[in-house]
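Residue-level listing of the chains:
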Amino acid sequence: MANILIVDDSRTSRKILKKMVEEAGHTVIEECSNGEEGYLRYKELKPDLVTLDITMPKLDGLEALQLIRKCDENAKVIMITAAGQKEKMIQAIKYGAAEFVAKPYDGEDIKNAIDNVLKL
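Parameters and conventions
- Residues numbered from 1 in each chain as written.
- Predicted model: local features only at pLDDT ≥ 70, side-chain atom pairs only at ≥ 80, totals over all residues.
- Heavy atoms only, no water.
- Helix = DSSP H or I, 4+ residues; strand = E, 2+ residues; numbered from the N terminus.
- Expected span 1.5 Å × (residues − 1).
- Buried < 20%, exposed > 50% of the residue type's maximum accessible area, 1.4 Å probe, protein only.
- Arc of directions from axis to C-beta.
- Contact = heavy atoms within 4.5 Å.
- Pairing = 2+ DSSP bridges.
- Axes fitted to C-alpha atoms, helices over the stretch in contact; angles between N-to-C directions.

Visitor: Sorry if this is basic, but what is going on with helix H1 (residues 11–23) here?
Guide: Note: α-helices contain 3.6 residues per turn, so residues at a spacing of three or four share the same orientation. A rise of 1.5 Å per residue sets the reference length of H1, with its 13 residues, at 18 Å; its end C-alpha atoms lie 18 Å apart and thus fit the reference within 8%. Residues Ser13, Arg14, Leu17, Met20 and Val21 constitute the buried set of H1. All buried residues of H1 project into a common sector of 130° when viewed along the axis, lining one side. Facing away from the buried side of H1 by more than 90 degrees, the exposed set consists of Arg11, Thr12, Lys15, Lys19 and Glu23. Each element contacted by the buried residues of H1 is listed here: strand E1 (3–7), strand E2 (27–32), strand E3 (49–53), strand E4 (77–81) and helix H5 (107–118). Directly after H1, the chain includes glycine 25, whose backbone phi takes a positive value near 95°.

This is the structure in structure tokens:
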């Protein structure tokens, strides 16, 4: 199973996502509350996969995605999006995001997204 880094500024969202990731049989190796911290921890920990919320302080998910992909072109990234962020989703595809999960999501959405990305 995969080692996963969760990056989201909402403590509640991180807690819910962590529970779903662990129920899908994976390990959450770290949780970060902003894009800058997420990027720095990605470089240190080299997780199998990272989830990035789009809207965050310091660096948003798109900026963090670009930095992560710059340091590791094979990085596997799932973007977590709120409804109505179509433009940002299109940008994230251009920057190399592998998958999207829209809020509100459930355990099956998360499991499927992780499974799809790990197959890449």
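Visitor: So what exactly am I meant to see when it comes to the sheet that holds E1 here?
Guide: Strand-to-strand pairing in sheets goes through backbone hydrogen bonds, with the strands running parallel or antiparallel. Spatial strand order, E2-E1-E3-E4-E5: five strands in an open sheet with parallel pairing. Strands at the two margins of the open sheet, each flanked by one partner only, are E2 and strand E5 (99–102). Ignoring strand direction, the axes of neighbouring strands in this sheet form an average angle of 20°. Of the strand pairs in this sheet, E1 and E3 are connected by four bridges, and their pairing is parallel. Each residue of the ladder has a partner; that of valine 7, found in E3, is leucine 52. Here helix H3 (residues 61–71) sits on the sheet and contacts E3 and E4; the angle it forms with E3, its principal contact strand, is near 155°.

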